[in-house]
Amino acid sequence: MPQDTGSYLRPRAIERIFGHVLAWLVRVGVVRGHFNVLEVRGRKSGRTIALPVDVLDHGGRRYLVCARGHSNWVRNARAAGEVVLVRAMRRQRYTVREVPVGMRPPLLKAYLDRYAREVQRFFPVAKGSPIEAFEDLAPRYPVFELLAWHNTPPPLAGAG
């Protein structure tokens, strides 16, 4: 589990292999469900990095949460300012906006409640915990709002 705002839990070799296989299956449409493939340009290499992700739909908006902490895809998304989601051979480009730490607790709760089967092991609180349980954890888990490409983003509710 990530300990501070600069760390993340690196995937083990078997997790990386499984992630590559799952990403391919999601990309071609064999696996559907809630998975998407995230593509983001590497900030140093310039290569496109792809991995499976769970997109959170909450309050009429879409979000990406990194349960492993401040991972490479998070750093790359910050640098690029955009990502692509792929599912069943369909690609959708998004601008990303990082959600301020103070606005993350309800999103983290919703994410854990929705995807506990996949991500519970990365959180020190249980599925169903109150929003207050996520307040001290919020800096550890980056959250990005996905905005349709070329749309002028409206302000985040409560930001200011």
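Located above this text is the structure these notes cover.
Note that the structure is predicted; figures quoted are calculated from it, not measured.

Help me understand the packing of aromatic side chains in this model?
Aromatic ring pairs: the centre-centre distance and the angle between the two ring planes describe each pair. The tally for this structure, following the rule as stated, stands at 5 aromatic pairs. Consider the rings of Phe123 and Phe134, whose centres lie 6.5 Å apart with planes at 65°: the pair is edge-to-face. Within this pair, whereas Phe123 is found in the loop between helix H3 (105-119) and strand S6 (143-148), its partner Phe134 is found in the loop between H3 and S6, the two being separated by 11 residues in sequence. You can call Phe134 buried: its relative accessible area is 0%. Its guanidinium or amino end placed over the ring of Trp149, Arg93 lies 3.8 Å from that ring's centre, counting from NZ or CZ.

Would you mind showing me how to read the side chain of Glu145 here?
Secondary-structure assignment places Glu145 in strand S6. Of the polar contacts made by the side chain of Glu145, one reaches the side chain of Arg61; its length is 2.9 Å.

Got a minute to help me understand the sheet that holds strand S4 (residues 82-87) in this structure?
Sheet strands pair via backbone hydrogen bonds, and the direction of the pair is either parallel or antiparallel. Taken in spatial order, the 6 strands close into a barrel running S1-S2-S3-S6-S5-S4, and their pairing is antiparallel. Going from strand to strand, the sheet's axes swing by 45° on average, the running direction of each strand aside. In terms of strand pairing, strand S5 (residues 90-98) meets S6 through 5 bridges, oriented antiparallel. Looking at the pairing, Arg97 lines up with Glu145 of S6. On the sheet, helix H2 (residues 72-80) packs against strand S1 (35-41), strand S2 (48-58), strand S3 (61-65), S4, S5 and S6 and is oriented at approximately 60° with respect to S1. Against the sheet, H3 touches S1, S2, S3 and S6, its axis set at about 115° to S2.

The rules behind each value
- Residues numbered from 1 in each chain as written.
- Predicted model: local features only at pLDDT ≥ 70, side-chain atom pairs only at ≥ 80, totals over all residues.
- Heavy atoms only, no water.
- Phe/Tyr/Trp six-rings, centres within 6.5 Å; stacked < 30°, edge-to-face > 60°.
- Helix = DSSP H or I, 4+ residues; strand = E, 2+ residues; numbered from the N terminus.
- Buried < 20%, exposed > 50% of the residue type's maximum accessible area, 1.4 Å probe, protein only.
- Lys NZ or Arg CZ within 6 Å of the ring centre and 35° of its normal.
- Polar contact = N/O pair within 3.5 Å; in protein donor to acceptor, adjacent residues only side chain to side chain.
- Pairing = 2+ DSSP bridges.
- Axes fitted to C-alpha atoms, helices over the stretch in contact; angles between N-to-C directions.
- Contact = heavy atoms within 4.5 Å.

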